[in-house]
Structure formats: C-alpha cells, structure tokens
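What follows is the residue order along each chain.
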Amino acid sequence: MERSRQSDQPRRGARLKRLGRRYAPDWLKDAYRSARGGKPAPAGNGAATTDWVTRAVELGWQPDQQTRRFLKQAESALAKAKPKRVVVFTDRDSAAFGRLARQAWPAATVVQVAPADQDHDGRPDDRLRLVVGADDSVVHAELTALGPYQLIMDATLDPPAERLRRFRRVWFHLAARGRYIVRSVTAGLAGAADRTKAPSVWTFLSRVVDDQARGRYADIDGLVPSPAKDEQAIAESVRRIGYDDELLIITSTGPALPKLREWEIGRVFEARPELGRVLTRLPARSFARVGDLRCNHDRHDLRFATEYQVPEVQLREYDDVLAGPHQVLLSQELVLPDTFRHFTHPRLKSRFLDDLHPLFARYPRKLTDAKELSGSYFYLSSEWPRHFGHIMTEQLSRLWAWSIAKQRYPDLKALLPLPGGHNELAPFERDVLGAVGIPPEDFVSPKGVLRVERLLSATPMLVNPTYVHPELPAVWRRAGAHLIARAQQREWPAKVFISRRSNYKRACHNLSEVEEFFVRHGFTVLYPEDYDVAEQAMIFDSAELIAGFAGSALFSLIFCAEPKRVIMISSESYTARNEYMMAFAMGHRVRLVWCDPDIAQPEQGWDGKAFASGFSVDFDRDGEFLSDAATADW
C-alpha cells in the first residue's frame, strides 16, 4: 500500500519533492504538474472543461474559501476519473454537490445521500438518485441496489466521529480501485492533540494500517466475528492512502458482498427488478402470549417475552440465483436475506461466509463450477442440515408459504440440498416437511453450489428469540394431525418424562435420580430418538402431562392438538427460547426448573461451551416445586 503523509509545508512542489515521485498519489502528481504549468488533464467521462468552482456558482452555490479549496483539490485529484457509479454524502454547505457530480460525470449514476433536517439541492433524474433523511438500513439498501461504486465522496463537515462511523459502514461498497474521499479531514478537531487522538477517519486508518503492518491481528480467530477482525478486514482492503488538509483519499483493493435483511430486499428489487420480486406479504403485527409460565426463581424472567412484535413476512421469488451448501444464497454479488437464520440480530452471521463486517462478507467457495438447476424450487436449505431441532424450528416455519407457491407454480419442487458425506435425506426430514404437504417425489436434494433458474423463499415465522408468528400454530397443528394419522394406534401413557441419555450435550449429572423421581410420581420415561416422528407426535398429543429436559426433544409440543401441561428442566446457561416460544404460541402451561450449570454464561456476551455444559437438578432446593408440578392439577 502506498501512503503519503500530512505535511506542514504549504507549497505542493516542496511536498512532492520530499515524498518523492514514486510514492505520491496520482492527484498530487497532477497538482504538481498543474503548478509547474503543465498541460491540464482532460475532464473524465465526457465532461465539459468548466472548472468545478465555476460550475458550483452556476448552480447557485456560493462556496466559501474553504469550500473552494476543497472543490479545486477534488477536481484535480479526480481529473482522470471516469466513474460509472458515484455516491456523495452532503450537508447544508455542500447540498449542490450532487448536481455538480452529475455534471462532472454525465454518463455516471450519482446517488446523493442528504439528511432530512438540512437543505438539499438535488433534482432527481434517471442519473441522480436522492436518498433524503434515511436511516442506516435504508442507506445500506439503496447503496446495495446500485453498487459497487468507483467513487464515494463525503463532502460534509460533520463531526469527525460521525464521518468515521459513515466510512466504516459504506467502505466496502467500493469497487476494486474505487476511491473514498473525505473532505477537510481536520475539520471539527480543536488542535494538534485532537488530530492524533480524536476518532476520525485519518486516525482510525493510521492505527489499523499500522497494526496490520506490525502483525497485531495475527492471533485473531478468523472464524469468529469481532471488532478486531472487522478492523483487520478494512486494513487489508486499503490499497493506497493520500492525505492532505483538504482531502483524504483512500483507494480500495476491492468490494465485498453486501448482506441484506428481510426488510431491505424490497428496495433492491425496486432498483433491480431482474433480481426478483415479492409475491406475498403478511403485515407486521403484535402477538400476546397465549400460554402460561412459572419458574422456580425469577432471575431469568427477562429472557421471556409476554408479547412479540412480529415483522412482515414475505414469499419472494428470485431469478437466476446461486445456492451454496448450508443455506448460503447469492444473487449478482449480494448476500440475500435467506442466508441468515437470525436475520433480526444486530449482526448478520453465517458459519459459511467469510465475515468482514456487520454488513459485508465474502463467500470462500468457487462459484464457477455451479450446477445448473432449471425449473422452479422452494428454498428449504439449512445452515445446520440433518438436525432435528433446526428443521422443527427454522425450516418448518417457512412452510406457511408452500401451498401459495405450489399454486403459483404447480411443478414446484422442494430444494433441500445435501451436506457433504450424505447421499439422501434423513427419514425425519422427509417426515417433518412432508407432514405439511410436500410429497416424496417433490424433494430435490443435490450437492454443491447450484445456479437455480427460479427460487421461491419465505420468511420464517419463528426466529429465536425474536418472534413467533400467530399463524404458525395452524401450520404446526396441521402437520401434527397428518403425523398422528400415520402413527401406530396404541395406548400411550398420560404422564411422560422425555429423557436425555448421558452421552448428549447438556447432560444431567444426576439423571438416574431425576428419572426415579418422575417414575415415583407416575410418569413413564421415554427417549424420543427411539421413536419415529409420527410416534413422537402421538406420544405428545396423547399425554396430559409432559415433563423433560429443555431442548429439541420437547419440540414435538408443536404437534399437540390441544394445550398441555409441561414441566421443563433446564440449565441456566441454556439460553435458547424455542420451547418457550412454542408454548407461548400453542397455549401450553409450563413449569420451568432452572438448574445450576457447570459453566455459567458470562455477564456480558455469550459462551458456546457454557450453553452446552452439563448441570444437576438440586432436589434440596427445588424438590418441593417439582413435586407440586408433578402432582397438582394446575
């Protein structure tokens, strides 16, 4: 990476001599040639030769002396630029800059981002797109729709910390060799001390590039997103830095793939209809708890909502998409929202993306050998394939839209890709998904990266721990009725304890004592893996009182036709809410016994080892609570 540093010498010629021709950025070389009376560089992209200050005045802009210096230096720096796509961030003092950029590069598409509480002077046309008063999510979607960009200019005089925040959010929207320009780098800084210590684009880049050069990011876990890993990604993507009091110019090595959320994809469709469209929308709504919950103590009550704010759910149709293994969905250099199981979380993550930033990633697999898949398909891929818990929550909750999609495309198939090492679907996958109406012949399960002609995908109606949709229980009950009709008709016990063998994670250390307790209280101990899905549905539906350890073994609660009484035993480090959300929506009444774990969750953050750690049931402390739950009619 080439870098020119700030100089206190005012004359450009003297500065260039000191830095040397080899290390000077192009814009500084152009300025030197201009100062020596050399031939001016031609305007880029077919622009007229009128200088930017004159154009600004013609547009009704009355720039002050500082702004004139900025315009002259920016024009010099970009004299040879021929960008196809440009972003300009403007404020009151630079409101006309969008139209100025539009004139400077007539063939380019210019996106002007302006705040709502300040004047903006843009007049949109087919080449000037205005984004006014938008929040961060809208700006990201708008830039994603038209990117990547050859030039991003921050022409504002916002506080340095705000410009740094903006830089970090939009930097990866640049194309390879694209340039990010920051105006008046030191504006808003009180003095020399501030220039080296205050948060600004310059101080941030100086630090992270230096840290990268000194190997300070060498020990970062490349698989776990973190602030340090985000900084490393930015440092590695900087090709060159040019620095001056009026301009900071950073050149990028190349773009990353923007991640999109469910509520952002619609804006991208509007700008790029060739990508796809929304076929069906169910509006956002609230959902108050139907079931009941009581615990042996109240220390974790904040984990459980009494009402969910459910977002809009959609059925979308994509054209010509790339589907990678483990639920990675790409379209024309975008990461589609269907890639992310937890699309409502602050950071969108997938184990199968190289995560660079909360909003950007790269896909590590080759896409050139994608297999063509013609026809229409319903997307049911999973980041955790062949996993009973994930298919019962994430994949099953997308099937509210199966019948709608099948009606639109009668030849529709269910796309459920296979992970490596497997040649066919697991029986429970066919049983669970088939219970909602997918016939065996409609399952398609290829391997590898696929290029799919037409793909239909639905927003899940359950996202742990954010929301559960009030219409999802109807899907669950329909699946349960189908499974129960297939199950062996026999007498099942009225009180069951759904146990977990000790070789599974979250093992209960006094398992024998727990099982003996429930047997004494009239329960039959069952292990769900000993029964197929249809039999599990029948066991849960036939029981009057169901007890067991929290986890996927209790997920068959969704197949019950009527609300049940449920005793749930859980480690305090088990933070998943799936079982509670199912009971919340289905009307089950739950008595929850929290148990001390081997490894406690940290006060800040989350620990996977704690999540999977074992525990013991404390009968001295909680025996009376359990006995009451096992015997009383509540």
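For the structure itself, look to the data block above.
It should be emphasised that the depicted structure is a prediction, and the values quoted were computed from it without experimental measurement.

1. What about the overall build of the chain?
Phase 1 of the analysis: Looking only at helices and strands, the chain features 20 helices and 28 strands.
Phase 2 of the analysis: For the chain, the residues scored as buried account for 56% of the 634 residues in total.
Phase 3 of the analysis: When contacts within the chain are restricted to residue pairs at least 6 apart in sequence, long-range pairs at least 24 apart make up 74% of them.
Phase 4 of the analysis: When the accessible surface of the chain is summed, it comes to about 27400 Å², and 47% of that surface belongs to carbon and sulfur atoms.

2. Points about the sheet that holds strand 17 (residues 360-362)
Phase 1 of the analysis: Spatial ordering of the open sheet is given by 9-17-16, a layout of 3 strands whose pairing is antiparallel. Sheet topology places strand 9 (257-258) and strand 16 (354-357) at the edges, where each strand pairs with a single neighbour.
Phase 2 of the analysis: Inspection of the sheet shows strand 9 paired to strand 17 by 2 bridges, in the antiparallel sense. Pairing of Leu-257 across the sheet is with Ala-361, part of strand 17.

3. Quick look at helix 10 (residues 227-237)
For an α-helix, 3.6 residues make a turn, and residues three or four places apart therefore share a direction.
Phase 1 of the analysis: Within helix 10, 8 of the 11 residues are buried, leaving the element largely enclosed by the surrounding structure.
Phase 2 of the analysis: When we look at burial in helix 10, the residues that qualify are Lys-229, Asp-230, Glu-231, Gln-232, Ala-233, Ile-234, Ala-235 and Ser-237.
Phase 3 of the analysis: The secondary structure elements touched by the buried residues of helix 10 are helix 7 (160-170), helix 9 (201-213), strand 7 (238-243), strand 8 (247-252) and strand 16.

4. As for the sheet that holds strand 27 (residues 565-571)
Phase 1 of the analysis: If you walk across this open sheet you meet the 6 strands as 12-28-27-26-24-25, and the pairing is parallel. If you trace the sheet from one side to the other, it starts and ends with strand 12 (292-295) and strand 25 (524-526), each paired once. For this sheet the average axis-to-axis angle between neighbouring strands, irrespective of direction, equals 20°.
Phase 2 of the analysis: In terms of strand pairing, strand 24 (residues 495-498) meets strand 26 (residues 545-549) through 4 bridges, oriented parallel.

5. Quick word on the nonpolar core
Phase 1 of the analysis: Judged by nonpolar contacts, the single largest core of 93 residues is most densely connected at Phe-378, Leu-399, Trp-400, Val-468 and Trp-476.
Phase 2 of the analysis: Residue contributions to this core peak at 7 residues, all from helix 18 (residues 578-586).

6. Considerations on the pairing of strand 14 (residues 313-324)
Phase 1 of the analysis: Most of strand 14 sits inside the fold, with 10 of its 12 residues counted as buried.
Phase 2 of the analysis: Note that strand 14 and strand 15 (residues 328-330) share 3 bridges and pair antiparallel. Paired with Ala-323 across the two strands is Leu-329, which belongs to strand 15.
Phase 3 of the analysis: A loop of 3 residues connects strand 14 with strand 15, the two strands running antiparallel in sequence, and His-326 in this loop sits at a positive phi of about 65°.

7. Here we look at the packing of helix 15 (residues 472-486) against helix 17 (residues 533-542)
Phase 1 of the analysis: Packing of helix 15 against helix 17 leaves a shortest axis separation of 8 Å and a crossing angle of 105°. As the angle between them shows, helix 15 and helix 17 are arranged roughly perpendicular. Contacts between helix 15 and helix 17 involve Leu-483, Ile-484 and Arg-486 from the former and Val-533, Ala-534, Ala-537, Met-538 and Asp-541 from the latter.

8. Quick look at the packing of aromatic side chains
Phase 1 of the analysis: For the structure on display, the rule yields 28 aromatic pairs.
Phase 2 of the analysis: A centroid spacing of 5.4 Å and a plane angle of 80° characterise the contact between Phe-497 and Phe-549, whose relative ring orientation is edge-to-face. Residue Phe-497 is located in strand 24, and its partner Phe-549 is located in strand 26; the two are separated by 52 residues in the primary sequence. Here the two residues Phe-497 and Phe-549 agree in accessibility, since each one is buried.
Phase 3 of the analysis: Grouped by ring-pair contacts, the aromatic residues Phe-497, Phe-517, Phe-518, Phe-523, Phe-549, Phe-615 and Phe-619 constitute a single cluster.

9. A closer look at unusual backbone geometry
The phi torsion of most residues other than glycine is negative, and most of the peptide bonds are trans.
Phase 1 of the analysis: Backbone torsion omega between Gly-147 and Pro-148 reads 0°, so that peptide bond is classified as cis.
Phase 2 of the analysis: Here Pro-148 shows up in the loop between helix 6 (136-146) and strand 5 (149-154).
Phase 3 of the analysis: With an omega dihedral of 0°, the bond running from Asn-464 to Pro-465 counts as a cis peptide bond.
Phase 4 of the analysis: In this fold, Pro-465 is placed in the loop between strand 22 (462-463) and strand 23 (467-468).
Phase 5 of the analysis: The residue Gln-332 is not glycine, and still its phi comes out positive at about 45°.
Phase 6 of the analysis: With respect to the secondary-structure elements, Gln-332 resides in the loop between strand 15 and strand 16.
Phase 7 of the analysis: For Gln-332, a relative accessible area of 42% gives the class partly exposed.

Definitions and cut-offs
Residues numbered from 1 in each chain as written. Predicted model: local features only at pLDDT ≥ 70, side-chain atom pairs only at ≥ 80, totals over all residues. Heavy atoms only, no water. Helix = DSSP H or I, 4+ residues; strand = E, 2+ residues; numbered from the N terminus. Buried < 20%, exposed > 50% of the residue type's maximum accessible area, 1.4 Å probe, protein only. Contact = heavy atoms within 4.5 Å. Areas by Shrake-Rupley, 256 points an atom, 1.4 Å probe, with all protein chains shown as cover. Pairing = 2+ DSSP bridges. Axes fitted to C-alpha atoms, helices over the stretch in contact; angles between N-to-C directions. Core = buried A, V, L, I, M, F, W, Y, C linked by side-chain atoms within 4.5 Å. Parallel < 35°, antiparallel > 145°, perpendicular 65-115°, else oblique. Phe/Tyr/Trp six-rings, centres within 6.5 Å; stacked < 30°, edge-to-face > 60°.

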